[in-house]
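Given next are the chains, with one letter for each unit.
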Amino acid sequence: MYRVVSLILSHDKPKVRARFTLMFVEIAGRLRLINNYSALRAMVAGLNAAVFNGNGMSAEIFRSKYTQQYKLFQSYDQLLQARGSHAKYRLALRNSKGPCIPAL
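So, here is what we can say about the structure in this document.

1. Structural notes on the packing of aromatic side chains
Here is step 1: The full count for this structure, using the stated rule, is three aromatic pairs.
Here is step 2: With centroids separated by 6.2 Å and ring planes inclined at 75°, the aromatic side chains of F62 and Y70 adopt a geometry described as edge-to-face.
Here is step 3: For F62, a relative accessible area of 0% corresponds to the buried category.
Here is step 4: Connected via pairs of aromatic rings, a cluster forms that spans F62, Y66 and Y70.
Here is step 5: Stacked on the ring of Y89, the Lys or Arg R41 has its end atom at 5.7 Å from the ring centre.

2. Brief notes about the side chain of D77
Here is step 1: Along the chain, the position of D77 falls in helix 5 (residues 67–79).
Here is step 2: Excluding its chain neighbours within four sequence positions, the residues that come into contact with D77 are V44 and N48.

3. Structural notes on the nonpolar core
Here is step 1: Counting 29 residues, the largest nonpolar core has I8, Y37, L40, M43, L47, F52 and F62 as its most contacted members.
Here is step 2: Listed by contribution, the elements that provide at least two residues to this core are helix 1 (2–9), helix 2 (14–33), helix 3 (37–52), helix 4 (56–65), helix 5 and helix 6 (83–94).
Here is step 3: Per element, the largest residue contribution to this core is eight residues, and it comes from helix 3.
Here is step 4: Excluding residues that lie within four positions of it along the chain, F52 makes contacts with L47, A59, F62, R63, Y70 and F73.

4. Thoughts on unusual backbone geometry
Here is step 1: Unusually for a residue other than glycine, N35 sits at a positive phi of about 60°.
Here is step 2: Position of N35 relative to the elements: it lies in the loop between helix 2 and helix 3.
Here is step 3: Backbone geometry at H86 places phi at a positive 60°, although glycine is not the residue there.
Here is step 4: Its place among the elements puts H86 in helix 6.

5. Some points on the packing of helix 2 against helix 5
Here is step 1: At their nearest, the axes of helix 2 and helix 5 sit 10 Å apart, and the two run at 50° to each other. When the interaxial angle is binned, helix 2 and helix 5 end up oblique. When the axes of helix 2 and helix 5 are compared, the crossing they make is left-handed. Of helix 5, the residues touching helix 2 (which contributes L22, V25, A28, G29 and R32) are Q69, F73, Y76 and L79.
Here is step 2: Of the residues belonging to the contact of helix 2 with helix 5, the class tally is six nonpolar, two polar and one charged.

6. Here we look at helix 1
Here is step 1: Residues of helix 1 that are buried: V4, V5 and I8. Seen end-on, helix 1 carries its buried residues on one side only, within an arc spanning 100°. Facing away from the buried side of helix 1 by more than 90 degrees, the exposed set consists of Y2 and R3.
Here is step 2: Packed against the buried residues of helix 1 are helix 2 and helix 3.

What counts and what doesn't
Residues numbered from 1 in each chain as written. Predicted model: local features only at pLDDT ≥ 70, side-chain atom pairs only at ≥ 80, totals over all residues. Heavy atoms only, no water. Phe/Tyr/Trp six-rings, centres within 6.5 Å; stacked < 30°, edge-to-face > 60°. Buried < 20%, exposed > 50% of the residue type's maximum accessible area, 1.4 Å probe, protein only. Lys NZ or Arg CZ within 6 Å of the ring centre and 35° of its normal. Helix = DSSP H or I, 4+ residues; strand = E, 2+ residues; numbered from the N terminus. Contact = heavy atoms within 4.5 Å. Core = buried A, V, L, I, M, F, W, Y, C linked by side-chain atoms within 4.5 Å. Axes fitted to C-alpha atoms, helices over the stretch in contact; angles between N-to-C directions. Parallel < 35°, antiparallel > 145°, perpendicular 65-115°, else oblique. Left-handed = near helix turned anticlockwise from the far one by under 90°. Nonpolar A, V, L, I, M, F, W, Y, C, P; charged D, E, K, R; others polar. Arc of directions from axis to C-beta.

Structure below.
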């Protein structure tokens, strides 16, 4: 999580931060495909801390320029939220085929 935050926030320009956010959302997609929920949770937490909590300009650039990836990020964020005793996560974990790394 802290690695994601530091790599995004080490750049001054909002456009560069938006590109790094895009890169990490793509990595999160790959983690979701291989059912690595532990790393996916860390990635989503890092993205939320670096971009979407208080950093308005780079978040707006990411939302407007990369709409499809922003929707994917929202789905990963919804998957790992604690609402309903992690119901969406438990459902995804139950329906995962093959090996997986659960989020602890």
